[in-house]
Amino acid sequence: MSRWATDPRWMPYLPPTMSPVDTSSLADHLEHPAEAFESYRRDGVATVICEEKHMGSRAVVLLTRNPGRFGAPRGWRGTAYTRTGRPFFDETLRVSFLDRLDAATESAGLWKELGTDWLLLDAELLPWSFKAGAMIREQYAAVGASATGALADATRALEMAAGHGADTGELLQRTRERLQNAAAYVAAYQNYSAPSDGLDGIQLAPFQLLASEGASHSGRPHGWHLELADRLGDADQVMIRRTRSLVVDTGDLESCAGGTAWWEALTASGGEGMVVKPQANLAVTGKRLVQPGIQVRGREYLRIIYGPDYTLPRNMARLKERSLAHKRSMALREYALGIEAVERMVAGEPLWKVHQAVFGVLAMESEAVDPRL
């Protein structure tokens with residue numbers, strides 16, 4: 001927490017990190033849906049829902065018509081903040097954003113149906129470049145420009161040398177391949193860069209209603225959450241983005257194959273990938289929590305994360321040795337803390353008790369873990 005953070009009074013929840021999928025057994029893939037389906041099958045989860053993974057910034061949105069409930073001044077409508085508690089918008093844009101969301105909530109009939117005057121939403125804010133524009137320019141674009149420029153020059157030089165009789169066959173082939181990888185890297189991050197001006201170009205993709213007055217909704221199936229999100233999307237088709245989904249039976253090979261084909265189509269069209277979740281939402285095996293979600297990222301998206309040449313066999317073999325246990329443990333513990341925070345807030349417990357769980361999530365984010373997972 002710092003002077004850059006959202007007012008702690010208005011931060012009742014922080015979202016968990018996401019569990020990575022088991023490393024794929026396929027030679028040319030690091031991540032693949034088959035391992036996610038198998039993981040849940042082992043945990044006794046018969047039905048999962050595959051949700052489109054939006055390439056944006058994780059967002060928590062608190063929307064209210066009763067500012068007094070949160071110790072806020074009259075006219076305050078709520079806030080939208082990042083997964084580490086920082087506000088997304090300046091004051092003017094925040095008000096405009098929440099007014100639009102309130103109008104969509106009213107049009108969708110959710111205020112009346114839920115019997116509430118506030119909502120806490122888990123969502124993704126797009127485009128990625130809205131918050132990550134500087135990182136894209138300074139990190140990804142810089143790498144892409146230097147790689148494509150240098151490798152293009154090297155390829156031309158080797159081709160000229162070959163034309164004069166030099167034996168450049170293997171080196172030329174390898175350099176051409178690396179140039180193709182660098183071009184694919186540039187194309188991958190450009191998929192998630194888009195202009196925005198004020199609210200123009202900004203979209204919210206809600207995928208879970210965490211809580212409303214008197215109720216925590218972690219026990220409701222994901223289909224219920226996505227149906228509410230779709231109604232918001234129908235009410236404001238410009239600012240609210242739908243989350244596409246598919247239900248898969250983990251014990252049915254044909255159903256799993258359909259889930260894999262759906263993931264392949266998503267990623268082939270430039271999508272980041274998908275998150276596989278127990279359809280029932282909160283799931284327990286014996287006395288143990290089951291992972292609330294397993295991310296399966298696309299082969300080309302992972303090029304941004306692991307570098308242009310990660311698909312080369314020697315690099316893929318090394319990356320398949322990555323350690324996943326700590327990140328998975330963090331995902332489960334942060335998920336449990338998030339649910340605890342929401343339930344304490346809904347029960348009307350003091351803010352310091354809510355923040356025992358909220359700040360626990362934030363503290364865990366400082367633990368040393370491979371940031372690429």
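For the structure given in this document, a descriptive report is provided here. Throughout, residues of each chain are indexed from 1 in the direction in which the sequence is written. In keeping with the predicted nature of the model, local features appear solely for residues at pLDDT of at least 70, side-chain atom pairs appear and are counted solely at 80 or more, and the whole-chain, interface and lining totals rest on all residues. To obtain the side-chain values, all non-hydrogen atoms of the structure were included, while hydrogens and water were left out.

When a carboxyl oxygen of Asp or Glu is within 4 Å of a side-chain nitrogen of Lys or Arg, the pair counts as a salt bridge. A full pass over the atoms with the stated rule returns 35 salt bridges. The salt bridge involving Glu 113 is made with Arg 231; its shortest N-O contact spans 2.7 Å. In this pair, Glu 113 sits in helix α3 (residues 110-114) while Arg 231 sits in helix α6 (residues 222-235), placing the two residues 118 residues apart along the sequence. Owing to a relative accessible area of 48%, Glu 113 belongs among the partly exposed residues under this scheme. Ionic pairing is found between Arg 178 and Asp 309, a salt bridge with its closest N-O pair at 2.8 Å. Here Arg 178 is found in helix α5 (residues 169-190), whereas its partner Asp 309 is found in the loop between α8 (301-306) and α9 (313-319), with 131 residues between them in sequence. Between buried and exposed lies partly exposed: a residue is buried under 20% and exposed over 50% of the maximum accessible area for its type, with that area taken using a 1.4 Å probe on protein chains only. Look at Asp 309 and you get buried, because its relative accessible area is 15%. Through salt bridges with shared partners, a single network forms among Asp 22, Glu 38, Arg 41, Arg 42 and Arg 328. We count a stretch as a helix when DSSP gives it H or I for four or more residues in a row; a strand needs E for two or more, and each element gets its number in order from the N terminus.

Our next topic: the packing of aromatic side chains. The pairing test for Phe, Tyr and Trp rings, Trp by its six-membered ring, is centres within 6.5 Å, and the orientation test on the planes gives stacked under 30 degrees, edge-to-face over 60, and tilted for anything in between. Counted under the stated rule, the structure contains 10 aromatic pairs. With centroids separated by 5.7 Å and ring planes inclined at 45°, the aromatic side chains of Phe 89 and Phe 130 adopt a geometry described as tilted. With a gap of 41 residues between them, Phe 89 in the loop between β4 (78-81) and α2 (91-107) and Phe 130 in helix α4 (residues 129-163) connect regions that are remote in the sequence. Members of the aromatic cluster, each reached through a chain of ring pairs, are Trp 10, Phe 70, Trp 76 and Trp 118. Whether a charge lies above a ring is judged from NZ of Lys or CZ of Arg, which has to be within 6 Å of the ring centre and within 35 degrees of the ring normal. The ring of Phe 70 has Arg 69 lying over it, and the distance from NZ or CZ to the ring centre is 5.3 Å. Over the face of the ring belonging to Trp 224 we find Arg 220, whose NZ or CZ atom lies 4.2 Å from the ring centre.

Counting buried residues in strand β5 (residues 118-126) gives 9 out of 9 residues, a clear majority hidden from the surface. Burial along β5 is two-sided: the face carrying Trp 118, Leu 120, Asp 122, Glu 124 and Leu 126 and the face carrying Leu 119, Leu 121, Ala 123 and Leu 125 are both buried. Strand pairing is assigned whenever DSSP identifies at least 2 bridges connecting the two strands. The pairing of strand β3 (residues 57-64) with β5 spans 8 bridges and is classified as antiparallel. Bridge pairing links Ala 59 to Ala 123 in β5. One ladder, built from 8 bridges, connects β5 with strand β6 (residues 203-212); its direction is antiparallel. Bridged to Asp 122 within β6 is Gln 208.

Quick look at the sheet that holds β6 now. In spatial order, the strands read β4-β3-β5-β6-β7; together these 5 strands make up an open sheet with antiparallel pairing. At either margin of the open sheet sits one strand with a lone partner, and together these are β4 and β7 (215-216). Lying over the sheet, helix α10 (residues 325-346) contacts β5, β6 and β7, oriented at roughly 60° with respect to β6. By the convention used here, residues are in contact when the closest approach between their heavy atoms is within 4.5 Å. Between the N-to-C directions of two axes lies an angle of 0 to 180 degrees, each axis being a line fitted to C-alpha atoms and, for a helix, fitted only over the stretch in contact.

For the peptide bond that leads from Leu 126 to Pro 127, omega is 0°, which places it in the cis range. Of note, Pro 127 is situated in the loop between β5 and α4. A positive phi is found at Asn 281, a non-glycine position, where the angle reads about 80°. Exposure remark for Asn 281: the relative accessible area of 4% places this residue in the buried category.

Two numbers describe how α10 lies on helix α11 (residues 351-364): the axes approach to 8 Å, and their chain directions differ by 160°. In this view, α10 runs roughly antiparallel relative to α11, as classed from their interaxial angle. Judged by the twist between their axes, the crossing of α10 over α11 is left-handed. Seen from α10, the contacting residues are Met 330, Arg 333, Glu 334, Leu 337, Gly 338, Glu 340, Ala 341, Arg 344 and Met 345; seen from α11, they are Lys 353, Val 354, Gln 356, Ala 357, Val 358, Gly 360, Val 361 and Met 364. When residue character is reported, Ala, Val, Leu, Ile, Met, Phe, Trp, Tyr, Cys and Pro are called nonpolar, Asp, Glu, Lys and Arg charged, and the others, Gly included, polar. Partitioned by chemical class, the residues of the contact of α10 with α11 number 9 nonpolar, 3 polar and 5 charged. Any angle that is under 35 degrees is reported as roughly parallel, and any over 145 degrees as roughly antiparallel; angles of 65 to 115 degrees are reported as roughly perpendicular and all others as oblique. Whether a crossing is left-handed or right-handed is set by the direction in which the near helix is turned from the far one by less than a right angle, anticlockwise for left-handed and clockwise for right-handed.

What follows deals with α2. Each helix should span, by expectation, one fewer than its residue count multiplied by 1.5 Å. Helix length check: α2, at 17 residues, gives a terminal C-alpha distance of 24 Å against a target of 24 Å (1.5 Å per residue), a fit within 8%. Along α2, the positions that sit buried rather than exposed are Leu 93, Arg 94, Phe 97, Leu 98, Leu 101, Asp 102, Ala 104 and Thr 105. Down the axis of α2, the buried side of the element spans an arc of 165°, and every buried residue falls inside it. α2 presents Thr 92 and Ser 107 as exposed residues on the side facing more than 90 degrees away from its buried surface. After α2 finishes, the residue Gly 109 shows a positive phi value of roughly 75°. Here, the arc refers to the directions that run from the helix axis to the C-beta atoms.

This next bit is on the environment of Arg 77. Secondary-structure assignment places Arg 77 in the loop between β3 and β4. Each C-alpha atom, one on Arg 77 and one on Trp 118, is 9.2 Å from the other, the two residues being 41 residues apart in sequence. Excluding anything up to four places from it in sequence, Arg 77 contacts Leu 62, Leu 63, Thr 64, Arg 65, Arg 94, Leu 98, Asp 99 and Asp 102. Within 3.5 Å is the distance limit for a polar contact, defined as a pair of N or O atoms, with the added protein rule that one can donate a hydrogen and the other accept it, and that residues adjacent in sequence qualify only through two side-chain atoms. At 3.0 Å, the side chain of Arg 77 forms a polar contact with the side chain of Asp 99.

The sheet built from 5 strands is open, its strands ordered β1-β12-β9-β2-β8 with mixed pairing. Each of the sheet's edge strands pairs with one partner strand only, and the pair in question is β1 (19-20) and β8 (245-249). When strand β9 (residues 273-278) meets strand β12 (residues 294-297), the two strands line up antiparallel, connected through 4 bridges. Its bridge partner being in β12, Gly 273 is matched across the sheet by Arg 297. Where helix α1 (residues 33-42) meets the sheet, its contacts fall on β2 (47-53), β8, β9 and β12, and the angle it forms with β9 comes to roughly 5°. Helix α7 (residues 253-268) contacts β2, β8, β9 and β12 of the sheet and is inclined by roughly 155° relative to β8.

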